[in-house]
Every structure is written in C-alpha cells, then in structure tokens.
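So the chains spell out like this:
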Amino acid sequence: MIARRLGPVVAAVVVLAGSGSAQAAPVEPVPEVMAALGDSISAGFNSCGWYVSCTSRSWSAGDHAEVGSHYVRLLRLGSSIKGHNRNFAVPGATSANLLGQVRQAVEAKAGYVTVLVGAQDACKPSEGEMTPVAVYRRRLDEALSALRAGLPQVRVFLSSVPDLRRLWQVGKGNALARTFWTVGRICPTMLARPASMKRADMDRRARVRARVMAYNREAAGACASLGASCRTDRGAVFAFPFTLDHVSRWDYFHPNAAGQRVLAERTFVNGFSWMDPR
C-alpha cells in the first residue's frame, strides 16, 4: 500500500534552492519513493558529458545540488525519500514507451511520478511520421490508467513539452548550432534547413509547433481525468523564454545543467501540497 511508503515530514520550514523564500511545512507526508518517466530530457542526456545520460542532473529525480531537482527539494522536506529516486526515462522514448516505464514505476512502488514525454513524438524525419494527436492522447490515457490501477494513491506530475520552435529561433544564428542540427539530423521536422526563411520551411516549423501545443493540451486533459492526484506545470515549461545558455553545447538541443535547473524551478511550484501548499 502506498500509505506505508510515505515518510514523516521532518522540517517545519525550508528554503528551496533557487527560490530565495521560506516555504511552510507540507500538509501531507512526502512520498518515500519517486520515479521519473519520459525521454532524454528527464534522463539528463548531454547535461554533463558527451552523448551520455546524466541522471544526477535530471530536473526530476537527479541528486545534483546545482540542479535542485524535485527529488532534492523533497529530500529537504522529508528524509524518508533519501536514496529512493528512480529514473526510468530513456533517451529517444516517445509516448509509445510510456506504458512500459509506468510498469517499472509500479514495481518500484513509487508514491510520486513525473512525466515529460512528447518531444520525440514530434521530432521525426518527416512531418508524416509525427505521432497523431489522438494516438498521443490514447497512449497517455492508457499509461496513466495503468499507473492509477497499480498505485491507487500515487501523485502524478505532467510537465509540458518545451517549445521546439523557440530552440530554432535562439539557435538559427549560431553556426555551431546549425552544424550540430544538420550533421546530427537532430529533430529534422523542426531543425532541418535551419538557415532557411522560405515560406515552406517557416510553415513546416509552425505546424510542428502546433503539434507540440496539441500534445500539451492533451496531456493536460489526461491529467485532469485523474482529478486531484495529478497536476501539470500549466504550460510553464513550454512558455519559458530559454536561451542557448540553457542548452547543451554537445548538441545544442538538450538542456544543460542550467536548463535542467530551470525545468525543476518552473515545474516544482505547480506541484502538490508538499511542494506548494495551497
């Protein structure tokens, strides 16, 4: 039972990393086990080395002080979660892989689960290969239903997918970024022919952005279907005006440590009572 996986809160007042303000003690126990689900972003890919996952710098379950992840912040609120930060996110994962990750979270008896998936559903060799919106929603519904069935008391947090077109906007003037995107064939639907301002390429980028926005709307709807046990970032990650300072220099695509820190900050404040008492 999840109730037995929740530990007592040991701090009355804490100062959250990067917030600069005191937070009251949470009104419900901090979960004893948490799990990160999703793709390369939650796996911390390229945030500390050359084409490797850096789970310690994950915005969700990482333990690096520089990032101030959900796990690090929860640890300051309740010591029972210490060492129980599971990361099942896999680089390249799409919504099709979410159900399998959910099964791992259920096996781990997670009391808190974060989900960030969808960038790779949009980042395909061609627009026609992008995951249809209805399919994306069905996969999320199936995964969240399985999560609820396996862990009836689980708390779920869904992050919005970042704005891929903004990445193109902030990087298109950088020769290195354009080279990495082109040579590495990184997210071709959005980043192919990055220097082109032709109408066809501008329209393509707009359609890919619209697809990501649709994914985010459907994710919010899927979360709402779980009621109070699920929350989203209310589009905060998608709306954040990130710059190249937040992006890994290994590929000019994935968040670096600074980017992971922003993800943690922007998402944590929209969480549950142990995060942001309401």
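Anything mentioned here points back to the structure above.
Enquirer: Can you help me understand the state of the cysteines in this one?
Expert: Covalently bonding the sulfur atom of one cysteine to the sulfur atom of another cysteine gives a disulfide. Applying the stated criterion across every chain yields a total of 3 disulfides. Between the sulfur atoms of C223 and its disulfide partner C230 the distance amounts to 2.1 Å. The S-S bond linking C223 to C230 shows a torsion near -120°; that makes this disulfide left-handed. Residue classification places C223 among the buried residues on the basis of a relative accessible area of 2%. Ordinal numbering of bonded cysteines along the protein chain defines a disulfide pattern of 1-2, 3-4, 5-6.

Enquirer: Would you mind going over the environment of T243 with me for this structure?
Expert: Here T243 shows up in the loop between α9 (236-239) and α10 (257-268). Assessed through its relative accessible area of 31%, T243 is described here as partly exposed. In the structure, T243 is positioned 73 residues away from V170 in sequence and 6.0 Å away in space, judged by C-alpha atoms.

Enquirer: Looking at this structure, I do not really get the side chain of D233. What am I missing?
Expert: With respect to the secondary-structure elements, D233 resides in the loop between β9 (230-232) and α9. No salt bridge is formed by the buried D233; the nearest opposite charge belongs to R234, separated by 8.1 Å. Setting aside residues up to four positions removed in sequence, D233 forms contacts with F157, L158, S159, S160, R266, T267 and N270.

Enquirer: For this particular structure, what's the right way to read the pattern of salt bridges?
Expert: Pairs may arise between side chains of opposite charge once their charged atoms sit close together. With the rule as written, the count across this model stands at 10 salt bridges. A salt bridge links D203 to R199; the nearest nitrogen and oxygen atoms lie 3.1 Å apart. Here D203 pairs with R199, and both are found in helix α8 (residues 199-224), just 4 residues apart, close to one helical turn. For D203, a relative accessible area of 29% corresponds to the partly exposed category. Among the residues examined, R199 registers a relative accessible area of 64% and is labelled exposed. Because the salt bridges share partners, they merge into one network encompassing R137, D141 and E218.

Here is what the cut-offs are and how they apply
Residues numbered from 1 in each chain as written. Predicted model: local features only at pLDDT ≥ 70, side-chain atom pairs only at ≥ 80, totals over all residues. Heavy atoms only, no water. Disulfide = S-S within 2.5 Å. Buried < 20%, exposed > 50% of the residue type's maximum accessible area, 1.4 Å probe, protein only. Helix = DSSP H or I, 4+ residues; strand = E, 2+ residues; numbered from the N terminus. Lys, Arg positive; Asp, Glu negative; His and termini not counted. Salt bridge = Lys/Arg side-chain N within 4 Å of Asp/Glu carboxyl O. Contact = heavy atoms within 4.5 Å.

That is the geometry; function is a separate question.
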